[in-house]
Amino acid sequence: MKFETEHNSFSSVCFFCALMCVLLISAVLLINFMIPASGKDEFEPVTIADLSEENEEEFSAAFQDYFAEVSLVKLNGNSDDGLSLYRQPLSRNAVEWFYTQITGDKEVALAILSEAEKNDIPLALAFALAHTESNYNTRAVNKNSNATTDRGLFQLNSNSFPTLTEADFFDPYVSSKYGMSHLKFCLRSAGNEVSALAMYNAGTTRVRSNKTPQSTLNYVGKIMAYQKMLDQLFTEQVKVYFETQLVPGLTTVAYAGARQ
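Residues numbered from 1 in each chain as written. Predicted model: local features only at pLDDT ≥ 70, side-chain atom pairs only at ≥ 80, totals over all residues. Heavy atoms only, no water.

J.: Can you explain the overall build of the protein? Please cite residues and give values.
T.: In terms of regular secondary structure, the protein is built from twelve helices and three strands. Counting every position in the protein, which comprises 260 residues, the buried fraction comes to 37%. Intrachain contacts of the protein at a sequence separation of at least 6 include 55% that bridge at least 24 residues. Accessible area for the protein stands at about 15500 Å²; split by element, carbon and sulfur atoms hold 55% of it. (Helix = DSSP H or I, 4+ residues; strand = E, 2+ residues; numbered from the N terminus. Buried < 20%, exposed > 50% of the residue type's maximum accessible area, 1.4 Å probe, protein only. Contact = heavy atoms within 4.5 Å. Areas by Shrake-Rupley, 256 points an atom, 1.4 Å probe, with all protein chains shown as cover.)

Set out below in structure tokens:
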């Protein structure tokens, strides 16, 4: 009788342990499916096969609008595919992903993208400028021979921006705000990117008086070369996907509509 009682107790314990194991495994699997993996910030493009019938028509219409906009802008001789895709909700994530990989810092990428978009600055130009100025280092500092200091992502000069605090200079959003605003001023003043970049580096007075130093010309050359590289990579990794793989045929439709 005692043996039978102990046997029943042992069986109950085993059954309880087995039940708890099953419940634990079930909970782990449930959590794994319900909670997205952390630390994964990759662009996983949407394909037509992934779209439901309900939003496929909306999706196609959105990109018809995008290509029509790009086509019309190109006809006027002023276009930036990066800005156009960034302004489209369906492709914005892809642009953010691309420039996060370029900078190695999502906050830096988002800061530059936001202010470039506000000031209508071509994205590759904005990022090429930041790369040449600071190599995307928000804490970059350069002391000049005239006793002024350049700080932050866009190397804002202490004499040109006297109201900014030390923390402001090193804030990527503040640096991008003033850097992009100043570049926009240079673009409007110069009328072209080469002269505008020279003004950003050497000042408007020196450029207008044809006293641009050779170091500034070398600086502009570096930016233009890096900008060209970014444009090529962006076309290969982002633009081509949306124009040819995702919604083939819309480009032709858009250009036809733009000509009418």
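J.: Just give me the short version of unusual backbone geometry, but keep the residues and values in it.
T.: For residues other than glycine, phi is negative in most cases, and the peptide bonds are mostly trans. Unusually for a residue other than glycine, Asn135 sits at a positive phi of about 55°. Position of Asn135 relative to the elements: it lies in the loop between α6 (123-134) and β1 (141-143). A positive phi angle, near 65°, is found at Tyr136, a position not held by glycine. Residue placement: Tyr136 occurs in the loop between α6 and β1. You can call Tyr136 buried: its relative accessible area is 8%.

J.: Can you lay out the confidence of the model for the protein for me, pointing to particular residues and giving the numbers?
T.: Across the protein, the average pLDDT comes to 76, with 63% of residues at 70 or higher. By mean pLDDT, the top-scoring element of the protein is helix α5 (residues 106-118) (98), and the lowest-scoring one is helix α12 (residues 250-259) (37). Contacts for the low-pLDDT stretch residues 248-260, under 50 throughout, to residues beyond four places or in other chains number 16 contacts. (pLDDT = per-residue confidence, 0-100.)

J.: Give a detailed account of the nonpolar core, specifying residues and quantitative values.
T.: If you look at the biggest cluster of nonpolar residues, it comprises 47 residues, and the most contacted ones within it are Tyr99, Leu129 and Phe154. Put simply, the parts of the chain that give this core at least two residues each are α3 (81-86), α4 (89-103), α5, α6, α8 (172-190), α9 (193-202) and α11 (214-246). Considering every element that reaches this core, the biggest residue donor is α11, with nine residues. (Core = buried A, V, L, I, M, F, W, Y, C linked by side-chain atoms within 4.5 Å.)

J.: Just give me the short version of the packing of aromatic side chains, but keep the residues and values in it.
T.: The description of an aromatic ring pair uses the distance of the two centres, along with the angle that the planes make with each other. Evaluated as defined, the whole model comprises seven aromatic pairs. When the ring of Phe98 is compared with that of Tyr99, the centres are 4.9 Å apart and the planes differ by 90°; the resulting orientation is edge-to-face. For the pair shown, Phe98 and Tyr99 are each scored as buried. An aromatic cluster is present here, built from Phe98, Tyr99, Phe127, Tyr136 and Phe234 joined pairwise through their rings. Lying across the ring of Tyr86, Arg92 places its NZ or CZ 3.9 Å from the centre. Of note, Arg151 hangs over the ring of Phe169, and the distance from its end group to the ring centre comes to 5.2 Å. (Phe/Tyr/Trp six-rings, centres within 6.5 Å; stacked < 30°, edge-to-face > 60°. Lys NZ or Arg CZ within 6 Å of the ring centre and 35° of its normal.)

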